[in-house]
Amino acid sequence: DTGVSQDPRHKITKRGQNVTFRCDPISEHNRLYWYRQTLGQGPEFLTYFQNEAQLEKSRLLSDRFSAERPKGSFSTLEIQRTEQGDSAMYLCASSSRQGGYEQYFGPGTRLTVT
Amino acid sequence: AQTVTQSQPEMSVQEAETVTLSCTYDTSENNYYLFWYKQPPSRQMILVIRQEAYKQQNATENRFSVNFQKAAKSFSLKISDSQLGDTAMYFCAFMKLNTDKLIFGTGTRLQVFP
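Rules used in this analysis
- Residues numbered from 1 in each chain as written.
- Chains lettered and ligands numbered in written order.
- Predicted model: local features only at pLDDT ≥ 70, side-chain atom pairs only at ≥ 80, totals over all residues.
- Heavy atoms only, no water.
- Contact = heavy atoms within 4.5 Å.
- Buried area = accessible area lost by both parts, 1.4 Å probe.
- Salt bridge = Lys/Arg side-chain N within 4 Å of Asp/Glu carboxyl O.
- Polar contact = N/O pair within 3.5 Å; in protein donor to acceptor, adjacent residues only side chain to side chain.
- Helix = DSSP H or I, 4+ residues; strand = E, 2+ residues; numbered from the N terminus.
- Buried < 20%, exposed > 50% of the residue type's maximum accessible area, 1.4 Å probe, protein only.

**Section: the interface of chain B and chain A**
Right, so step 1: Contacts between the two partners involve 18 residues from chain B and, on the opposite side, 22 residues from chain A.
Right, so step 2: Surface buried jointly by chain B and chain A totals about 1,700 Å² across both partners, of which 50% is contributed by carbon and sulfur atoms.
Right, so step 3: When the area that chain B buries against chain A is broken down by residue, the three leading residues are Gln44, Asp100 and Lys101 of chain B, summing to 34%.
Right, so step 4: Here Glu56 of chain A and Lys101 of chain B are joined by a salt bridge, their closest N and O atoms 3.3 Å apart.
Right, so step 5: Between chain B and chain A we count eight residue pairs in polar contact (both at pLDDT 80 or more) in total.
Right, so step 6: Listed by contribution, the elements that provide at least two residues to the side of chain B that touches chain A are β5 (32-39), β6 (46-52) and β10 (88-96) of chain B.

**Quick notes on the pattern of salt bridges**
Right, so step 1: Enumeration over the complete set of coordinates arrives at nine salt bridges over all chains.
Right, so step 2: Glu83 of chain A is the salt-bridge partner of Arg64 of chain A, the closest N and O atoms lying 3.4 Å from each other. Highlighted residues: Arg64 of chain A in the loop between β6 (53-57) and β7 (65-68) and Glu83 of chain A in the loop between β8 (75-79) and β9 (88-95), separated in sequence by 19 residues.
Right, so step 3: Under the relative-accessibility criterion, Arg64 of chain A is labelled buried at 11%.
Right, so step 4: Exposure remark for Glu83 of chain A: the relative accessible area of 39% places this residue in the partly exposed category.
Right, so step 5: A salt bridge links Arg50 of chain B to Glu52 of chain B; its shortest N-O distance comes to 3.4 Å.
Right, so step 6: When its relative accessible area of 13% is taken as the criterion, Glu52 of chain B is described as buried.
Right, so step 7: Within this structure, Arg64, Glu83 and Asp86 of chain A form a network of salt bridges that share partners.

Now the structure itself:
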């Protein structure tokens, strides 16, 4: 097992463009999470899925953000009409169980909006 | 709402010495989980240690141990026999029972010197 993977690792885009990130969780994990980490801060929760169902969304996730996990495997996070304030590291994590068990993190996608 | 505070932005320690990282949190919950995650430079975040609030016994994992003071809402991490590979950002995190959302502090950057 290669762990959680994310693609791309880096993305530079111009303000107003749409971007999409992909996360592939550990294969047997049914829970998948998205977090955002800005410079000097800890990760902030965005949303999570159990299988294909999106169970919780943070208020941080504005209407410009949408996440999907169509077949309960990989997930995509799309940001429409990007703004400079969207520049951050977007982290994906997965786990096999609820109840305070370990979340395994991917390497992240660093987004820079110019 | 729960908050996690790490009051030490940076710490340093000499190899083989012991260092303690501080974390306090605020919650009205009685049952929850606490975590320390490590984020090495340019590498993904990994779990260091986990504590269940209903357990009075402090968690230990090899050279890592915690001092969990529930009444004081304090959760410090002690690293014994520090190694160069311990150089990283360390994040304290809180999780409410029956949720999957991690709430992180702002992190402590630990530098281990030879």
